[in-house]
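One letter stands for each residue in the lines below.
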Amino acid sequence: MIQKPKGTKDLLPSESYKWQKVESKVKKVLESYNFKEIRVPVFEHTELFQRGVGETTDVVQKEMYTFNDKGGRSITLRPEGTAGVVRAFLENGIGSLPSPVKLWYNMGMYRYENVQKGRLREFHQIGAELIGSKSYLADVDTILMANNIFEELNIPNIKLTINSIGCPKCRSEYQKILREFIGKNLDKYCDTCKTRFEKNPMRILDCKEKRCKELNIGAPMMIDYLCDECKEHFENVKSMLNVAGLKFEIDPGIVRGLDYYTKTVFEFIDEKSGLTVLGGGRYDGLVEEFGGQSTPAVGFATGVERLMEIYNEYNKDVEDKKPDLYILSLGELENKKALELSLNLRKAGYIVEKDIFERSFKSQMKYADKIGAKNLLVIGENELNSNIAKIKNMKSGEEKEVKLLVEDIKNNI
Ligand code: HAM
């Protein structure tokens, strides 16, 4: 039997109804901040991610699904959403809409990762991008919106960690200092880190190799070298989060795995598993990097598979929808009546099941019970002749007489 590729998951009906519930709750939160949905292509020109996410990131160097299409163009399955959304923002002139532009998405992402708990090769992200405001107030709103998602989903024990990774101005100074630190042991780092040393030493702090992690202990941190503007921005973010009453920790170790970030970065961590369930930050240079006018932005994305794992832990009694009615019938004319009633009740929004096997009364009854139908309507010869039948509430056992008319049935289920 052909099996699914490593790192992918089938979403089965036993899970999909929970996904729908979570997706609609998250959508409600995003819409309450007036974010509008955007959908962008699954694949983009490879260059978009090389330039946006960064040549020296793990995502670009090791994890992209890249191939040449039949026309010889280099194409990549999106590993994240921000680059595609910003491209769409520019390409469609969305920037001429009143600023800020607030966009959200729920899309599949593709990364060739080492598969382990919480790390898939096809996964989904619900993300939000707020494009146009450079104010710390936009960072705070974005973080609060992310936090609202966990509240709405009834998920406790999520820790918010924040950091500032400065702007190109303060970063170039910091990079010199970081190179001095790393340079002392450069020969002991992995080959990828060595290639990052000149181009982008901050990415070395993000390396997942054990020996590199150990060598990085005690490295100077960006947060200690912020310029005045970045320092003030970060102070304002912190004090406004305090005003909002949202607890946070400062983690100078957050560098994020993507190059476009500037100033505030943040992660929401599930304290039980230690996994980052949502990550984001400010990216003031990306719109310009893609050829637009200098436009600040801030956003985040949450991994839906990770979110679902945690949601399921705290929301065990969530149930799928059950049929409102099973119409039990036997015989040609009775089946015609069942067909007519089911058609009209379904149009009216009810979930209705009926026999499509020509099964016996007994086995129809068994089936109705197995699928958890809330009500049962029996149509036999007598019911058809009198146009009156009984509806049984399967939970309470209570029976009511109804006319075999849609309106009357609707009033009794
Ligand atoms: P990211 O931190 O790479 O950021 O991913 C965001 C979230 O996606 C992670 O916190 C995690 O929950 C989930 N995730 C990432 N990789 C995997 C994986 N292999 N398997 C399962 N879940 C995963 C971004 O992608 C940015 N675009 C977020 C952003 C939006 N920043 C600003 N705007």
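Residues numbered from 1 in each chain as written. Predicted model: local features only at pLDDT ≥ 70, side-chain atom pairs only at ≥ 80, totals over all residues. Heavy atoms only, no water.

Side note on the pairing of strand 10 (residues 276–282)
- Counting buried positions over the seven residues of strand 10 gives six, a clear majority of the element.
- Where strand 9 (residues 262–270) lies against strand 10, six bridges are found, and the strand directions are antiparallel. The partner of Thr-262 across the bridge, within strand 10, is Arg-282.
- By the bridge criterion, five bridges tie strand 10 to strand 11 (residues 297–303) in an arrangement that is antiparallel. Directly across from Gly-280, in strand 11, lies its bridge partner Phe-300. (Buried < 20%, exposed > 50% of the residue type's maximum accessible area, 1.4 Å probe, protein only. Helix = DSSP H or I, 4+ residues; strand = E, 2+ residues; numbered from the N terminus. Pairing = 2+ DSSP bridges.)

Digging into unusual backbone geometry
- Cis rather than trans, the peptide bond between Ser-99 and Pro-100 has omega equal to 5°.
- Relative to the helices and strands, Pro-100 is located in the loop between helix 4 (82–91) and strand 5 (101–110).
- Even without being a glycine, Glu-358 presents a positive backbone phi close to 60°.
- By the element assignment, Glu-358 lies in the loop between strand 13 (352–354) and helix 13 (361–370).
- Residue Glu-358 is classed as exposed on the basis of its relative accessible area of 73%.
- Even without glycine at this site, Asn-387 takes up a positive phi of about 60°.
- Of the residues examined, Asn-387 reaches a relative accessible area of 31% and is grouped as partly exposed.

Some remarks on the side chain of Thr-295
- Tracing the backbone shows Thr-295 in the loop between helix 10 (286–289) and strand 11.
- With a relative accessible area of 15%, Thr-295 lands in the buried category.
- Side-chain polar atoms of Thr-295 contact the backbone oxygen of Gln-293, separated by 2.6 Å.
- Sequence-distant contacts of Thr-295, defined by excluding residues within four places in its chain, comprise Ile-131, Gly-132, Tyr-283, Asp-284 and Val-287. (Polar contact = N/O pair within 3.5 Å; in protein donor to acceptor, adjacent residues only side chain to side chain. Contact = heavy atoms within 4.5 Å.)

Quick notes on the packing of helix 1 (residues 13–32) against helix 11 (residues 304–314)
- Contact geometry of helix 1 with helix 11 gives a least axis separation of 11 Å together with a crossing angle of 105°. Judged by the angle between their axes, helix 1 and helix 11 are roughly perpendicular. Here helix 1 contributes Glu-15, Lys-18, Trp-19, Lys-21, Val-22 and Val-26 to the contact with helix 11, which in turn contributes Val-304, Glu-305, Leu-307, Met-308, Tyr-311 and Asn-312. (Axes fitted to C-alpha atoms, helices over the stretch in contact; angles between N-to-C directions. Parallel < 35°, antiparallel > 145°, perpendicular 65-115°, else oblique.)

Observations regarding helix 7 (residues 191–199)
- Buried residues of helix 7: Cys-193, Arg-196 and Phe-197, and no others. Taken around the axis of helix 7, the buried residues stretch over an arc of 120°, which confines them to a single face. Opposite the buried face of helix 7, by more than 90 degrees, sit the exposed residues Asp-191, Glu-198 and Lys-199. (Arc of directions from axis to C-beta.)

With respect to the site of the ligand
- If you check the shell around the ligand, you find 26 residues, and the closest are Glu-80, Glu-113, Glu-129, Arg-256 and Tyr-261.
- Here Gly-118 contributes a backbone N or O atom positioned 3.4 Å from a nitrogen atom of the ligand.
- In the model, a nitrogen atom of the ligand is placed 2.8 Å from a nitrogen or oxygen of the Glu-129 side chain.
- Burial of the ligand by the protein amounts to 95% of the accessible area it has alone, namely 650 Å².
- Per element, the largest residue contribution to the shell around the ligand is five residues, and it comes from strand 10.
- For the shell around the ligand, a count of residues per class yields eleven nonpolar, eight polar and seven charged. (Near = heavy atom within 4 Å. Areas by Shrake-Rupley, 256 points an atom, 1.4 Å probe, with all protein chains shown as cover. Nonpolar A, V, L, I, M, F, W, Y, C, P; charged D, E, K, R; others polar.)

A short note on the pattern of salt bridges
- This model, assessed by the stated rule, comprises 31 salt bridges.
- Notably, a salt bridge pairs Arg-196 with Asp-58, separated by 2.6 Å at the nearest N-O pair. Within this pair, whereas Arg-196 is found in helix 7, its partner Asp-58 is found in helix 3 (residues 58–62), the two being separated by 138 residues in sequence.
- Note on Asp-58: relative accessible area 6%, which makes it buried.
- A single salt-bridge network, built from bridges that share partners, covers Asp-58, Lys-62, Glu-63, Arg-196 and Lys-208. (Salt bridge = Lys/Arg side-chain N within 4 Å of Asp/Glu carboxyl O.)

Notes on the nonpolar core
- Counting residues in each nonpolar core, the largest one holds 98 residues, and the members touching the most others are Leu-30, Ile-143, Phe-268 and Phe-300.
- When residues of this core are sorted by domain, at least three fall in each of domain 1 (13–167 + 227–314) and domain 2 (170–219).
- Aside from chain neighbours lying at most four places away, what touches Phe-268 is Ile-143, Ala-146, Asn-147, Phe-150, Ile-158, Lys-159, Leu-160, Leu-275, Thr-276, Val-277 and Leu-278.
- Ranked by size, the runner-up nonpolar core spans 14 residues in total, among them Val-352, Leu-377, Ala-389 and Val-402. (Core = buried A, V, L, I, M, F, W, Y, C linked by side-chain atoms within 4.5 Å. Domains from an automatic or database assignment.)

Things to note about the sheet that holds strand 3 (residues 66–68)
- The sheet built from three strands is open, its strands ordered 2-4-3 with antiparallel pairing. The strands lining the two open edges of the sheet, one partner per strand, are strand 2 (43–45) and strand 3. Sheet twist, expressed as the average angle between the axes of neighbouring strands with direction ignored, equals 35°.
- Bridge count for strand 2 against strand 4 (residues 74–77) is three bridges, and the pairing is antiparallel. The residue bridging Glu-44 from the neighbouring strand is Thr-76, located in strand 4.

Some details on the packing of aromatic side chains
- Per the stated rule, a full pass over the model turns up seven aromatic pairs.
- With 6.1 Å between their ring centres and 70° between their planes, Tyr-326 and Tyr-367 make a pair best called edge-to-face. Here Tyr-367 lies in helix 13 and Tyr-326 lies in strand 12 (residues 325–329), a separation of 41 residues in the sequence.
- Residue classification places Tyr-367 among the partly exposed positions, given a relative accessible area of 27%.
- Put simply, the rings of Phe-150, Phe-266 and Phe-268 pair up and form one aromatic cluster. (Phe/Tyr/Trp six-rings, centres within 6.5 Å; stacked < 30°, edge-to-face > 60°.)

What to know about the sheet that holds strand 12
- Pairing within the open sheet is mixed, and its five strands lie in the order 13-12-14-15-16. The open sheet is flanked by strand 13 and strand 16 (399–403), the only strands paired with a single partner. Sheet twist, expressed as the mean angle between neighbouring strand axes with direction ignored, is 25°.
- Looking at chain direction, strand 12 and strand 14 (residues 375–379) are connected through four bridges and run parallel. Each residue of the ladder has a partner; that of Ser-329, found in strand 14, is Ile-379.

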